[in-house]
Amino acid sequence: HEQLKKVSATCLASAEAFLSKAERELGKGVDPICFHLGLLALEEVGMSILNTINYMSETARSDKESLATDEHIRKLFWAFWGGSMIRNTKWTKESIKQNRFIATTLHERRLETLYTDPHNPVAFDGRVKDREAKTIVELARARLEVEKASELTEFKQGDIEEITWFFSAVEDVE
């Protein structure tokens, strides 16, 4: 449990570092970089949540199969979905799909803005729309603050089984 706390704290500290730089540089001609720093911060929030789920799942399962933490869309999904878990929002198939769509869209947008499209070459500083970087940075700040305010507590009876079931359901929405 102490190692999990250390990993979570490190993820959130990394997110804070990315966001601090992005917030300081917004509007100074490097908004595309701020956009990417905001997405990296969201991924670190998602990574913190995924590591908690891995810990819980490893405790519950005998096969010890870890959940991949190197997939960008998955980390973005959990950055958003983790907030709904904290708010005790009703979990529905539709809300899972919506969060997956948001994560996928943001990752695709990241790729569009990161690399030059040979069919539509746009200078790097023109790839992020007005206010797009600011919106992502503000969203990442909000999610980070919620995550920092939540305390990792000892797991109660049934928590591990519930999150293991939930993760299986999220992986197979269809």
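Look above for the structure.
The shown structure was predicted, so the numbers you read here are calculated from the model rather than taken from an experiment.

Caption draft 1: Fine view of the nonpolar core. Core analysis: the biggest nonpolar cluster contains 29 residues, and Leu 39, Leu 42, Val 45 and Trp 78 have the highest contact counts within it. Elements with a contribution of two residues or more to this core: helix 1 (2-25), helix 2 (31-60), helix 3 (72-86), helix 4 (93-114) and helix 5 (132-149). Residue contributions to this core peak at 10 residues, all from helix 2.

Caption draft 2: Seen up close, helix 1. Taking 1.5 Å as the rise per residue, helix 1 with 24 residues should run 34 Å; its terminal C-alpha atoms sit 35 Å apart, in good agreement. Taken together, the buried positions of helix 1 are occupied by Leu 4, Ser 8, Cys 11, Leu 12, Ala 15, Leu 19 and Ala 22. Once helix 1 finishes, Gly 27 follows within two positions and takes phi at roughly 80 degrees, a positive value.

Caption draft 3: Structural detail: the pattern of salt bridges. Within this structure, the stated rule accounts for 14 salt bridges. The partner of Glu 16 in a salt bridge is Arg 141, and the shortest N-O contact between them spans 2.8 Å. Here the residue Glu 16 occupies a position in helix 1, and Arg 141 occupies one in helix 5, the gap between them amounting to 125 residues. Connected via shared salt-bridge partners are Glu 16, Glu 23, Arg 141, Glu 145 and Lys 148.

Caption draft 4: Representation of the side chain of Arg 127 within the structure. As for its position among the elements, Arg 127 is in the loop between helix 4 and helix 5. For the buried Arg 127, no salt bridge exists, and the shortest N-O distance to an oppositely charged side chain is 7.6 Å, to Asp 125. From its side chain, Arg 127 meets the backbone oxygen of Leu 114 in a polar contact 3.3 Å long. Discounting residues that sit within four places of it in the chain, Arg 127 has contacts with Arg 109, Glu 112, Thr 113, Leu 114, Tyr 115, Thr 116, Val 122 and Glu 132.

Caption draft 5: Looking closely at the packing of aromatic side chains. For the structure shown, the criterion picks out 1 aromatic pair. Centroid distance Phe 77 to Trp 78: 5.4 Å. Interplanar angle 85 degrees. Geometry classified as edge-to-face. A relative accessible area of 4% means that Phe 77 is categorised as buried.

Procedures and definitions
Residues numbered from 1 in each chain as written. Predicted model: local features only at pLDDT ≥ 70, side-chain atom pairs only at ≥ 80, totals over all residues. Heavy atoms only, no water. Core = buried A, V, L, I, M, F, W, Y, C linked by side-chain atoms within 4.5 Å. Buried < 20%, exposed > 50% of the residue type's maximum accessible area, 1.4 Å probe, protein only. Helix = DSSP H or I, 4+ residues; strand = E, 2+ residues; numbered from the N terminus. Expected span 1.5 Å × (residues − 1). Salt bridge = Lys/Arg side-chain N within 4 Å of Asp/Glu carboxyl O. Lys, Arg positive; Asp, Glu negative; His and termini not counted. Polar contact = N/O pair within 3.5 Å; in protein donor to acceptor, adjacent residues only side chain to side chain. Contact = heavy atoms within 4.5 Å. Phe/Tyr/Trp six-rings, centres within 6.5 Å; stacked < 30°, edge-to-face > 60°.

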